[in-house]
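# Architecture at a glance
Listed below, chain by chain, are the residues.
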Amino acid sequence: MTRSDVLVDADWVQSHLGDPGIVLVEVDEDTSAYDKGHIKGAVKLDWKKDLQDPVRRDFVDRAGFEALLSARGISNDDTVILYGGNNNWFAAYAYWYFKLYGHHNVKLLDGGRKKWELDSREMVTEAPSRSATSYHAKEQDKSIRAFRDDVVAAIGTLNLVDVRSPDEFAGRLLAPAHLPQEQAQRGGHVPTAKNVPWSKAAQEDGTFKSDDDLRALYGDEAGLDFGRDTIAYCRIGERSAHTWFVLHELLGQPNVKNYDGSWTEYGSLVGVPIELGDGK
Amino acid sequence: MPAGGSGGSSPRASGCGAPAGGIKITDGIGTQAIVQGHVTSAGTPVPSGYARLLNTDGEFVAEVPLGDDGGFIFYAAPGDWTLRVLAPGGIRSECVVSAQKGKITQLELTV
């Protein structure tokens, strides 16, 4: 797999606007961002309303995902180009989610919405009209999704990558610094986890660093053993989807899972070990 | 400046989704260490751009798109931080701030 298999740049998107078979999809942390302006022709997915089960803590099921993509006019043969704000944080989550349900022809716009905006490229407010499709999803690919028992079993055995900020890793904050600190669970991290904040993989304009820089970041600097399987986690599984994308899609690591339960689940479990303090 | 002040317009949220400008809290700052403010250019709010919070090592910690009023808000740990603003047209500006628990640090940036 090469970068061009999983990433497109802003110029590529600009020159393929309106092409049949290519669907731009915006997924933002700020779910109102799309309504203020988006790339022409892009459809919106709301990471919470559209992708999360409204009752229990889980994703929408296979039938729900099929209904969602059918209603948005996305077909199985379409190339889906995802983009969003905050270094593609939630777009990377959606990418992982599309892969989870077996949509293989999906890519990220490198740099996402921020790069597009900082380049002063055109944004529009009108939403496109797309005919409904009959989308068929596959069963979830559990080889890229970790659950809590996988994480406990991985302590001291597999690579565990905690991609939150250093203050969250140490237990000083319970949420990212742009959100109120309101979680009730314990602070800290999973023992033996390495702290590599997700954002280190991105440059200031939101584009990904080079493969060499990324390999140095996770290998030489953080001490990940590339010969071992890896589980990435954060607070609710979105930032770690960004790191999953880096390790699995850009660096080609074969066995990388995203633990979407992440710290809001692990930090509330009874009896599991927790470590406090800064990364070593 | 009342708790939460300006810089966001949505109610407190429990998820991880932050609206442009950040999430305003409504029931007092309590133990929060808030860094907030506005970005203006020639007296006019800059609504299109990003505010980034960097730690003392210069490492990125958080980012919000600016609100319609050019506002931003962060809930930092107490300590020193660098606030950097990016906006279209190659605009890049930053300043160093000190966050304290239970207090709002207000910034007005001109770019």
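For the structure, see preceding data.
As a convention, each chain's residues are numbered from 1 in the sequence order in which they are written. In the order they appear in the text, chains get letters beginning with A and ligands get numbers beginning with 1. With pLDDT at 70 or above as the cut-off, local features in this predicted model cover only qualifying residues; side-chain atom pairs require 80 or more to be listed or tallied, and sums for whole chains, interfaces and linings still use all residues. The basis for the side-chain values is all heavy atoms of the structure; hydrogens and waters are excluded.

Across its full length, chain B holds 0 helices and 8 strands. Start at the N end of chain B and walk to the C end: the helices and strands fall as β-β-β-β-β-β-β-β. With 111 residues in all, chain B has 52% of them scored as buried. Here a residue-residue contact requires only that any non-hydrogen atoms of the pair lie within 4.5 Å. In chain B, of all internal contacts separated by at least 6 residues, the share reaching a separation of at least 24 is 56%. Accessible surface for chain B amounts to roughly 4400 Å². Of this, 50% is attributable to carbon and sulfur atoms. Strands here mean DSSP runs of E at least two residues long; helices mean DSSP runs of H or I at least four residues long; both are numbered from the N terminus. Only protein chains enter the area calculation, which uses a 1.4 Å probe; residues under 20% of their type maximum are buried, those over 50% are exposed, and those in between are partly exposed. Each accessible area is a Shrake-Rupley result for a 1.4 Å probe, and residues are judged covered by the shown protein chains and nothing else.

Time to look at the sheet that holds strand β3 (residues 50–54) of chain B. All names here are of chain B. Strands pair, by our definition, only if DSSP identifies at least two bridges between them. Spatially, 4 strands are ordered β4-β3-β6-β7 in an open sheet, and the strand pairing comes out antiparallel. Strand pairing shows two members of the sheet lacking a second neighbour, β4 (60–65) and β7 (91–99), which therefore form its edges. Adjacent strand axes in the sheet meet at a mean angle of 20 degrees, parallel and antiparallel pairs treated alike. Note on geometry: axes are lines fitted to C-alpha atoms, helical ones only across the stretch in contact, with angles between N-to-C directions running from 0 to 180 degrees.

The tendency in soluble globular proteins is for nonpolar side chains to be buried as a group. Counting 58 residues, the largest nonpolar core has A:Val25, A:Phe65, A:Leu82, A:Leu108, A:Tyr218 and A:Phe245 as its most contacted members. Counting residues per element, the ones that place at least two in this core are β2 (22–27), β3 (43–45), α4 (62–71), β4 (79–83), α5 (85–100), β5 (106–109), α9 (211–221) and α10 (239–250) of chain A. Per-element accounting of this core gives the leading share, 11 residues, to α5(A). If we skip the residues at most four places from it in the chain, A:Val25 touches A:Val43, A:Leu45, A:Ile74, A:Val80, A:Ile81, A:Leu82 and A:Tyr83. As used here, the term nonpolar core means buried Ala, Val, Leu, Ile, Met, Phe, Trp, Tyr and Cys residues forming a set that is joined through side-chain atoms within 4.5 Å. Formed by 24 residues, the second largest nonpolar core is a distinct cluster that contains B:Val35, B:Val39, B:Leu83 and B:Ala99.

All names here are of chain A. Ordered by their spatial adjacency, 5 strands build an open sheet running β1-β5-β4-β2-β3, and the pairing between neighbours is parallel. Across the chains shown, the open sheet's two edge strands, defined by having one partner strand only, are β1 (7–8) and β3. Strand direction decides the pairing type here: β4 and β5, joined by 3 bridges, are parallel. Directly across from leucine 82, in β5, lies its bridge partner leucine 108. Of the strands in this sheet, β2, β3, β4 and β5 touch α5, which is tilted by about 180 degrees from β5.

Residue and element names in this part refer to chain A. Within β4, 5 of the 5 residues are buried, which leaves the element mostly enclosed by the surrounding structure. With burial as the criterion, each face of β4 is covered, one bearing Thr79, Ile81 and Tyr83 and the other bearing Val80 and Leu82. In the classification by handedness, the crossover that spans β4, the intervening α5 and the parallel β5 is right-handed. For crossovers, right-handed means that the path from the first strand over the helix to the second runs clockwise, given strands pointing away from the viewer.

Residues and elements named next belong to chain A. Between rings of Phe, Tyr and Trp, where Trp is taken as its six-membered ring, a pair exists when centres lie within 6.5 Å; planes separated by under 30 degrees are stacked, by over 60 edge-to-face, and by other angles tilted. For the coordinates displayed, the defined rule picks out 21 aromatic pairs over all chains. Summarising the aromatic geometry, the rings of tryptophan 89 and tryptophan 198 are spaced 5.2 Å apart at their centres and angled 50 degrees between planes, so their arrangement reads as tilted. Placement of tryptophan 89 in helix α5 and of tryptophan 198 in the loop between β8 (194–195) and α9 is noted, with a sequence separation of 109 residues between them. Side by side, tryptophan 89 and tryptophan 198 carry an identical accessibility label, which is buried. Here tyrosine 93 and tyrosine 97 contribute two aromatic rings whose centre-to-centre distance is 6.0 Å and whose plane-to-plane angle is 70 degrees, an arrangement assigned as edge-to-face.

Moving on, we come to the packing of α9(A) against α10(A). Residues and elements named next belong to chain A. Viewed as axis vectors pointing N to C, α9 and α10 meet at an angle of 115 degrees, and their least axial separation amounts to 11 Å. Like other packed secondary-structure pairs, α9 and α10 cross with a definite hand, here left-handed. Residues Asp211, Leu214 and Tyr218 of α9 pack against Thr243, Val246, Leu247 and Leu250 of α10. Note on residue categories: nonpolar means Ala, Val, Leu, Ile, Met, Phe, Trp, Tyr, Cys or Pro, charged means Asp, Glu, Lys or Arg, and polar means any other residue, Gly included. The class makeup of the residues in the contact of α9 with α10 is 5 nonpolar, 1 polar and 1 charged. Less than a right angle of anticlockwise turn of the near helix away from the far helix marks a crossing as left-handed, whereas a clockwise turn marks it as right-handed.

Before going further, it helps to spend a moment on α9(A). Residues and elements named next belong to chain A. Listed as buried for α9 are Leu214, Leu217, Tyr218 and Gly219. The buried residues of α9 occupy an angular sector of 165 degrees when the element is viewed end-on, so they sit on one face. Across α9 from its buried face, at more than 90 degrees, point the exposed residues Asp212, Asp220 and Glu221. Against the buried residues of α9 lie α1 (3–6) and α10. Backbone geometry just downstream of α9 places glycine 223 in the positive-phi region, at approximately 80 degrees. Working definition: the arc comes from the directions between the helix axis and the C-beta atoms, pointing outward to the latter.

Attention now moves to α10(A). All names here are of chain A. Here α10 is 12 residues long and its end C-alpha atoms lie 16 Å apart, about the 16 Å a rise of 1.5 Å per residue gives. The buried fraction of α10 is high, at 11 of 12 residues. Positioned one or two residues after α10, glycine 252 has a phi angle of 70 degrees, which is positive. An expected span of 1.5 Å times one less than the residue number is assigned to each helix.

Here we come to the environment of A:Ile231. All names here are of chain A. Along the chain, isoleucine 231 turns up in strand β9 (residues 230–233). For the pair formed by isoleucine 231 and glutamate 66, sequence separation is 165 residues and the distance between their alpha carbons is 27 Å. In contact with isoleucine 231, not counting residues within four places along its chain, are Ala146, Asp150, Val151, Ala154, Leu158, Asn159, Leu160, Val161, Lys257 and Tyr259.

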